[in-house]
Amino acid sequence: MVCEINHQLHERSSSSVGLEKVKYLLTKTGIPSSVTSPLESLQKGNWVKLICGASFEDVVDIRNLSLVYTLAGVDCIDCASEASVINAVNDGIESAKAIIPIRRPWVMVSVNDDEDLHFRKAEFDPENCPVDCSRPCERICPANAISYTGKAGLPKVHLISYILQGGVLAERCYGCGRCLPICPYEKIRASTYVRDAAATAELLKQDGVDAIEIHTNGRKVESFQELWNSLGDSIEKLRLVAVSLPDTNELTIPVMHSIYATMNANLRCHNLWQLDGRPMSGDIGRGATRQAITFALHISAARDRPKGFLQLAGGNNAYTVDGLKKEGLFKTTSLPEKLNDEATPFNSSYSSDALIGGVAFGSYARKIVGKVLSSLQMEHGYVDIEAYPEYLLEALTESLALVGTVKCFP
Ligand code: SF4
Ligand code: SF4
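Not measured: the values here are computed from a predicted model.

Undergrad: So what exactly am I meant to see when it comes to the nonpolar core here?
TA: One recurring pattern in soluble globular proteins: nonpolar side chains tend to sit buried together. Core analysis: the biggest nonpolar cluster contains 105 residues, and Y69, W273 and L392 have the highest contact counts within it. Considering every element that reaches this core, the biggest residue donor is helix α13 (residues 389–407), with 8 residues. Per-domain counts for this core show at least three residues from each of domain 1 (8–117 + 194–407) and domain 2 (120–192). Setting aside anything within four residues of it in sequence, one finds L392 in contact with L19, V22, L67, V68, L71, I99, I385 and E386.

Given below as structure tokens:
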């Protein structure tokens, strides 16, 4: 018993020493977001959004990711439109604020108006898999969403009596699709879904949701109109409405105009265009960000585009800002005075000189912190990351380096 108490005292004291190191790192870095509002960041051109994933619903990881990236100074956390996920994000944010006073990032929920790559889950029945399959699906999954229990890897003589168990962990699958073509037996299929508009409208009315993102494929504007009308007055309390769309070349600007015309009648807040380059690919490598930059070049040069901030997504990683700088698209501005979110008329916000409002990081952001979260989980189970400051410090070092590429802190 005494040993147990001593152990707890040691854990507590090393935990508080560790948290002091975390605070020191944050103070030394001088995170601008501790004083800068998300709206100011958009206006300056150094807005950063963390994308947890429109279909990613592992609430333990989401809570810890939200805590880490709140401390790193992101302006917005984008997550699945599910009550448990929204609660996990807000829990992470509040826990970060308990460590160091920092302003709250906006919480954004993602929905779709039609079939969309971000809203799908891989599925297969592991019992139908050949037991001697080398399981390339498991290795390629960036979310560790495919797992098997036990049986494989045994001498072939035993295989006849074994079946594979496990399969896709639905809450971790975010629909990247990498497992689909790799299965030599074509056992994996994708199941798509559309978020229910009425359920979304209820979630938007709750505290703890500041923004919505509507994913549209840019092909059927009627689907967008239908969803927008179904959301009704639930959008009135929001601070930002984002529309995520792919590059459909010469069709993009006309589609943006049709969407803006639909929203304009009852848009009471700021709006943003998420330019989705190569979806869910930032973790693949340096070149993944190219499509988003090309898309940004196209849209930022279009003088006839509708009103709204521009933000890159899809393929972004640690190289995105370098690419933007080369194209002359990364221009942050310093504002003459601190603006107040509530007091600023929303249509004055587009006076910013920044061509691009900011950048969203998804799979790359999750990968660099996810490896820390995986070792934390293997070592200690499903725990709050701040209870193990050495892990928090490691995760923060990674996240600050990424967020810092946009925020310009070292
Ligand atoms: S779709 Fe992507 S995240 Fe989902 S199981 Fe397949 S590889 Fe993993
Ligand atoms: S690659 Fe295909 S057959 Fe092999 S374990 Fe994965 S889903 Fe089953």
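Structure shown, so let's carry the discussion forward.
Undergrad: Can you walk me through the confidence of the model for the protein chain in this structure?
TA: For any part of a model where pLDDT is low, the fine detail of the predicted coordinates should not be relied upon. Per-residue pLDDT for the protein chain has a mean of 88; in total, 86% of the residues score no lower than 70. In this model, residues 150–161 is a region of pLDDT below 50 whose contacts with residues beyond four sequence positions or in other chains number 11 contacts. Predicted confidence for residues 336–351 stays below pLDDT 50, and this span has 27 contacts to residues more than four positions away or in other chains.

Undergrad: Quick question: what am I supposed to make of the site of ligand 2 here?
TA: Taken together, 13 residues are adjacent to ligand 2, and C129, C133, C137, Y148 and C183 come closest. Among the residues making up the shell around ligand 2, the classes are represented as 11 nonpolar, no polar and 2 charged.

Undergrad: Explain unusual backbone geometry here, please?
TA: A negative phi angle characterises most non-glycine residues, just as the trans form characterises most peptide bonds. Positioned with a positive phi, E186 is a non-glycine residue whose angle comes to about 50°. Summarising the element assignment, E186 is placed in the loop between β6 (165–168) and β7 (189–192). Located in the positive-phi region is M280, a residue other than glycine, with phi close to 55°. Structurally, M280 is set in the loop between β10 (270–276) and α10 (290–301). You can call M280 buried: its relative accessible area is 13%.

Undergrad: Quick question: what am I supposed to make of the site of ligand 1 here?
TA: Surrounding ligand 1, one finds A122, C141, P142, I146, C173, Y174, G175, C176, G177 and C179. Broken down by class, the residue content of the shell around ligand 1 amounts to 8 nonpolar, 2 polar and no charged.

Undergrad: Whenever I open this one, the packing of aromatic side chains confuses me. Can you help?
TA: How two aromatic rings sit relative to each other is set out by the distance from centre to centre and by the angle between their planes. With the rule as written, the count across this model stands at 4 aromatic pairs. Residues F119 and Y193 carry aromatic rings whose centres are separated by 6.0 Å and whose planes lie at 75° to one another, so their mutual orientation is edge-to-face. Of this pair, F119 sits in the loop between β3 (106–112) and β4 (120–123) while Y193 is found in the loop between β7 and α7 (197–204), placing the two residues 74 residues apart along the sequence. Here Y388 and Y391 contribute two aromatic rings whose centre-to-centre distance is 6.5 Å and whose plane-to-plane angle is 85°, an arrangement assigned as edge-to-face. Residues Y388 and Y391 agree in their burial class; the two are buried. Looking at R366, its charged tip hangs above the ring of F56, at a distance of 5.9 Å from the centre. Positioned above the aromatic ring of Y174, the side-chain terminus of R366 is 4.3 Å from the ring centre.

Undergrad: For this particular structure, what's the right way to read empty space enclosed by the protein?
TA: The probe, sized like a water molecule, is rolled over the atoms to show the empty space still left. All told, the structure shown has 4 cavities of 30 Å³ or more when counted by the stated rule. In this structure, the largest cavity encloses a volume near 210 Å³. Around the largest cavity sit 24 residues that line it, and I51, H118, M280, G314 and G362 are the ones nearest its centre. At the level of elements, β8 (211–215), β10 and α12 (363–380) are the ones that each hand at least two residues to the lining of the largest cavity.

Undergrad: I keep staring at α7 and nothing clicks. Help me out?
TA: Two residues of an α-helix separated by three or four positions point the same way, owing to the 3.6 residues in each turn. Among the residues making up α7, those that are buried are A197, T200, A201, L203 and L204. The buried side chains of α7 occupy one side of the element, clustering within an arc of 160° when seen end-on. By the N-cap criterion, in which a side-chain oxygen at the helix start approaches the backbone nitrogen of a residue two or three places on, α7 is capped by D196, the distance to A198 being 3.4 Å.

Undergrad: I keep staring at the pattern of salt bridges and nothing clicks. Help me out?
TA: Opposite charge on two side chains lets them pair, provided their charged atoms get close. Inspection of the entire model under this criterion finds 20 salt bridges. One salt bridge connects R172 with D61, and the closest N-O pair in it is separated by 2.9 Å. One end of the pair, R172, is in the loop between β6 and β7; the other, D61, is in helix α3 (residues 59–71), with 111 residues separating them in the sequence. Note on accessibility: R172 and D61 belong to one class, buried. Between R63 and D91 there is a salt bridge; the shortest N-O distance is 3.4 Å. Of this pair, R63 sits in helix α3 while D91 sits in helix α4 (residues 83–99), and the two are 28 residues apart along the sequence.

Undergrad: I'm lost on the sheet that holds strand β9 (residues 240–246) in this one. Help?
TA: Sheet strands associate in pairs through backbone hydrogen bonding, adopting either a parallel or an antiparallel arrangement. In space, the 8 strands of this closed barrel follow the order β1-β2-β3-β8-β9-β10-β11-β12, with parallel pairing throughout. Pairwise comparison of adjacent strand axes, ignoring direction, gives a mean angle of 25° for this sheet. Inspection of the sheet shows strand β2 (residues 76–80) paired to β3 by 5 bridges, in the parallel sense. Paired with C79 across the bridge in β3 is V109.

Undergrad: Could you clarify how one ought to interpret the packing of α7 against helix α8 (residues 221–231) in this entry?
TA: Axes are the key here: two packed helices are described by the angle between their axes and the distance separating the axes. Running from N to C, α7 and α8 cross one another at 45°; their axes reach a closest spacing of 9 Å. When the interaxial angle is binned, α7 and α8 end up oblique. The way α7 lies across α8 gives a crossing that is right-handed. Contact residues: α7 offers A197, T200, A201 and L204, while α8 offers L227, S230 and L231. When the residues that make up the contact of α7 with α8 are grouped by side-chain class, the tally is 5 nonpolar, 2 polar and no charged.

The rules behind each value
Residues numbered from 1 in each chain as written. Chains lettered and ligands numbered in written order. Predicted model: local features only at pLDDT ≥ 70, side-chain atom pairs only at ≥ 80, totals over all residues. Heavy atoms only, no water. Core = buried A, V, L, I, M, F, W, Y, C linked by side-chain atoms within 4.5 Å. Buried < 20%, exposed > 50% of the residue type's maximum accessible area, 1.4 Å probe, protein only. Helix = DSSP H or I, 4+ residues; strand = E, 2+ residues; numbered from the N terminus. Domains from an automatic or database assignment. Contact = heavy atoms within 4.5 Å. pLDDT = per-residue confidence, 0-100. Near = heavy atom within 4 Å. Nonpolar A, V, L, I, M, F, W, Y, C, P; charged D, E, K, R; others polar. Phe/Tyr/Trp six-rings, centres within 6.5 Å; stacked < 30°, edge-to-face > 60°. Lys NZ or Arg CZ within 6 Å of the ring centre and 35° of its normal. 1 Å grid on protein atoms, 1.4 Å probe; cavity = no way out; pocket = protein on both sides within 12 Å on 5 of 7 lines; lining within 4 Å. Points joined across faces, edges and corners; volume = space filled by probe spheres on them. Arc of directions from axis to C-beta. Polar contact = N/O pair within 3.5 Å; in protein donor to acceptor, adjacent residues only side chain to side chain. Salt bridge = Lys/Arg side-chain N within 4 Å of Asp/Glu carboxyl O. Pairing = 2+ DSSP bridges. Axes fitted to C-alpha atoms, helices over the stretch in contact; angles between N-to-C directions. Parallel < 35°, antiparallel > 145°, perpendicular 65-115°, else oblique. Left-handed = near helix turned anticlockwise from the far one by under 90°.

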